[in-house]
Amino acid sequence: MKTKITLTAITLAAAASVQTAQADELTLCWAAWDPANALIELSKDFEEKSGHEMGFEFVPWPNFADRMLNELNSQGQLCDLMIGDSQWIGGGAENGHYVKLNSFFDANNITMDDFIPATVTGYSEWPKNTPNYWALPAFGDVVGWTYRKDWFARPELQKEFMDKHDRKLDVPNSLDELKDIAEFFQGRDIDGNTVYGAAIYTERGSEGITMGVTNALYNYGFEYENPEKPYEIEGFVNSEGAVKGLEFYKELYDNGTPPGSSNWYMGENIDAYKSGQVAMQMNFAFIWPGVEADPVVGGGNSGYFPNPAGPYGQFAQLGGQGISVVAYSEKQEAALEYIKWFAQPEVQAKWWELGGYSALKAVVEDPGFASSQPYAQTFLDSMAIVKDFWAEPAYAELLLAMQARMHNYVIAGNGSAKDALDSLVKDWTETFEDEGKL
Amino acid sequence: MPNSPMEKVAKATPEKVAKRIRGLSDRAIAWIFVAPSIFLLLAVNIFPLIWTIRLSFTNFRVNRPNKDVEWVGLRNYERILGDSDIWMTMQATAHFLLWTIVLQVLIGFFLAFLINKKFRGNDMWTTIIVFPMMLSPAVVGNFWTFLYQPQIGLFNYVVSFFTGADPASFSMIGDVHLAPWSIVIADTWMWTPFVMLICLAGLRSIPDSIYEAAECDRASKWRQFWTITIPMVLPFLMLAILFRGIENFKMFDLVVQLTGGGPGNITTLTSIDLKREAFEKWKTGYSSAYAVILFVTVFGLASIYVKALNKVKER
């Protein structure tokens, strides 16, 4: 008996020591926002199953790119897994920051055909539209609109709007209709408070105004480049339609947004909407679970709609990220294990339940998905119309130039829309020349 | 029997080492003591400066380790000096520097003059006035964005109270004409106490006997102020201007929090622009040239100023 107990103890100790030897402490780096908290919750299952311990490094959005790109450029070992922005994929691949995942996907039967195509192109591929994968789509996101359903339903407002515009006060079918609604609510008294039309992206410092203005530009005819000749941008970035789109965004800012909203991005828009300052807000879809849960604007008081169409078509700015293994990590095996676990359909289904936007087709094409949340159908509709910003290694230069030119016209009111876009063409051409692409 | 610590150390030093030291001259010993500081200075200041100057003639990018580095001569300097956007940031910096210094010196000196008088609660008021400079610039930037909010901001309500204008009718940080003043006001609020403290030190260093002698000569208070107070406080004021000038030339955090450099580029100061070039666009060679230009500018201006300061002191 004694020998038996001793043997059992030795076996257990040996097993424990093996477990300890294999267990790693992984650090996952991402932005500090609601979905990150959901991921912590989700990852507990991974910790349980793998024995690895998960640590997290979350940085607020305005500093996220600064902090994390610094980390990658300095070949730091802080992050083993990186949920990096979609625009980083070019730099991540070309500068050797990310591990190429093709052979890993092949070995583990993970196929990109299982994910929403726009997310694969946006978050995983470099060069774009080639089967070279550097990330697994982790969080699908897109710019959409939230509106005060309860305000829209008020009979007196319905009547007044009908008298003025000869149509129902309802979800707008076009950007022009959206502007009408924003102007209709601008400065209006609702329940004794002065309210305004819409909270839109205007932030100067990081990427805010670019993520906002593109929702108007795309739908009026802006193209990043000549589809036939890459990097040829003259006449595409500053096309007649693009000029009109930019003018539209400025008019919306001037006539339909709260005073003082000259430097607003995700957080400020959420605050303005939840505090009852605005009738509509532009924001990424990640905020929708939080809106639904809000005691004032949630519980059926809010509705959701995709970015409305313009004269050129209906598009929306892609957000979201893929999850990559950092090339400088010494725990790549464990990091790959995490990706393998994360790609499983049941984990992805739980991810959606917790508030994470899964990009797995099995989840979003499930018959019950569209009715699973009030915003689920809008998410699907929006993901079908996405376009994304440049993902070149020089994306930051391209982005900062656009930030400056757009803010200078839309917010500061300097020059014309044509001047702003012409200047942008000049800036981008210079960048592409420096990059040796022109 | 050694009794002083030095003697104890001498006694404890092994004979071999002692012999070697005994053979060193005073000059050599002095060099041994100074060498660590010189080494540190070379490593931390001089080497990076020389390296920056070298990089400024290249197209090096720190985020592209695999890319060949090319020698581009003066191209970076030509591009910077010919870039109208950079000249705009220089103008924004000059506006910010000039007005913050003017306002801080005037208000700081006035406050110091008041605080210098003996009255009840003097110490308490000094503490209250000094409070803003104890805060972090990022915090100050953040709460001034709230103060400037057109709908809920206290600043707009105060202006509205005095002028009758609708608080929601103007946006301090969103208006291209008001934004440069919004950063001047926030910085002045924060750093005037610093100027006040320096002026106060200057005022308290003036011996009472000089004023007593002036009283005997029947000099008016106004005369005493212009012929005693101002000349004797002037070196202190000039020192405050130097400190604030250097600090505000590299102003970053407060402005980034407050306006992010906008609207457009109207409040993009050179330090913000340089940071974007160096650590967001990662144009290391280009931003090195930018840094060298700024260094030469600040160094040149500061040298002229320090010479003027020394002349004032000698008077």
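Residues numbered from 1 in each chain as written. Chains lettered and ligands numbered in written order. Predicted model: local features only at pLDDT ≥ 70, side-chain atom pairs only at ≥ 80, totals over all residues. Heavy atoms only, no water.

Focus on the sheet that holds strand β4 (residues 136-139) of chain A
Residues and elements named next belong to chain A.
Thought 1: Ordered by their spatial adjacency, five strands build an open sheet running β2-β1-β3-β11-β4, and the pairing between neighbours is mixed. Two strands bound the open sheet, and with one partner strand each, they are β2 (53-59) and β4. When strand polarity is set aside, the average angle formed by the axes of neighbouring strands in this sheet is 30 degrees.
Thought 2: Bridge count between strand β1 (residues 25-31) and β2: seven bridges; the pairing is parallel. Across the sheet, the residue bridging to E25 is E53, located in β2.
Thought 3: Strands β1, β2, β3 (81-85) and β11 (321-325) of the sheet are contacted by helix α3 (residues 61-73), whose axis makes an angle of about 120 degrees with β2.
Thought 4: Taken strand by strand, helix α6 (residues 117-124) contacts β4 and β11, and its axis lies near 100 degrees from that of β4. (Pairing = 2+ DSSP bridges. Helix = DSSP H or I, 4+ residues; strand = E, 2+ residues; numbered from the N terminus. Axes fitted to C-alpha atoms, helices over the stretch in contact; angles between N-to-C directions. Contact = heavy atoms within 4.5 Å.)

Quick word on the domain arrangement of chain B
Residue and element names in this part refer to chain B.
Thought 1: The domains assigned to chain B are domain 1 (5-55) and domain 2 (76-314).
Thought 2: Placing a centre on the C-alpha atoms of domain 1 and another on those of domain 2 gives a separation of 41 Å.
Thought 3: Across the boundary between the two partners, domain 1 contributes four residues, which contact five residues of domain 2.
Thought 4: Of the roughly 380 Å² buried where domain 1 meets domain 2, counting both sides, 77% is carbon and sulfur surface.
Thought 5: Sorting the residues of domain 1 by area buried against domain 2 places L49, T52 and L55 first, and these three jointly supply 83% of that buried surface.
Thought 6: Here domain 1 is connected to domain 2 by zero salt bridges.
Thought 7: At the junction of domain 1 and domain 2, the tally comes to zero residue pairs in polar contact (both at pLDDT 80 or more). (Domains from an automatic or database assignment. Buried area = accessible area lost by both parts, 1.4 Å probe. Salt bridge = Lys/Arg side-chain N within 4 Å of Asp/Glu carboxyl O. Polar contact = N/O pair within 3.5 Å; in protein donor to acceptor, adjacent residues only side chain to side chain.)

Examining the interface of chain B and chain A
Thought 1: Across the boundary between the two partners, chain B contributes 32 residues, which contact 32 residues of chain A.
Thought 2: Here chain B meets chain A over a buried area of about 2500 Å², counting both sides, of which 40% is carbon and sulfur.
Thought 3: For the interface between chain B and chain A, the tally reads six salt bridges.
Thought 4: The residue R405 of chain A makes a salt bridge to D85 of chain B at a minimum N-O spacing of 3.1 Å.
Thought 5: Seen at the junction of chain B and chain A, the total is 11 residue pairs in polar contact (both at pLDDT 80 or more).

A look at the packing of helix α5 (residues 84-115) of chain B against helix α11 (residues 221-249) of chain B
Residue and element names in this part refer to chain B.
Thought 1: At a closest axis distance of 10 Å, the pairing of α5 and α11 adopts a crossing angle of 140 degrees. Compared by their axis directions, α5 and α11 come out oblique. Like other packed secondary-structure pairs, α5 and α11 cross with a definite hand, here right-handed. Only F225, T229, I230, V233, L237, I241, R244, G245, N248 and F249 of α11 make contact with α5, whose side of the interface consists of T93, F96, L97, T100, I101, Q104, V105, F109 and F113.
Thought 2: Grouping the amino acids of the contact of α5 with α11 by side-chain chemistry returns 12 nonpolar, six polar and one charged. (Parallel < 35°, antiparallel > 145°, perpendicular 65-115°, else oblique. Left-handed = near helix turned anticlockwise from the far one by under 90°. Nonpolar A, V, L, I, M, F, W, Y, C, P; charged D, E, K, R; others polar.)

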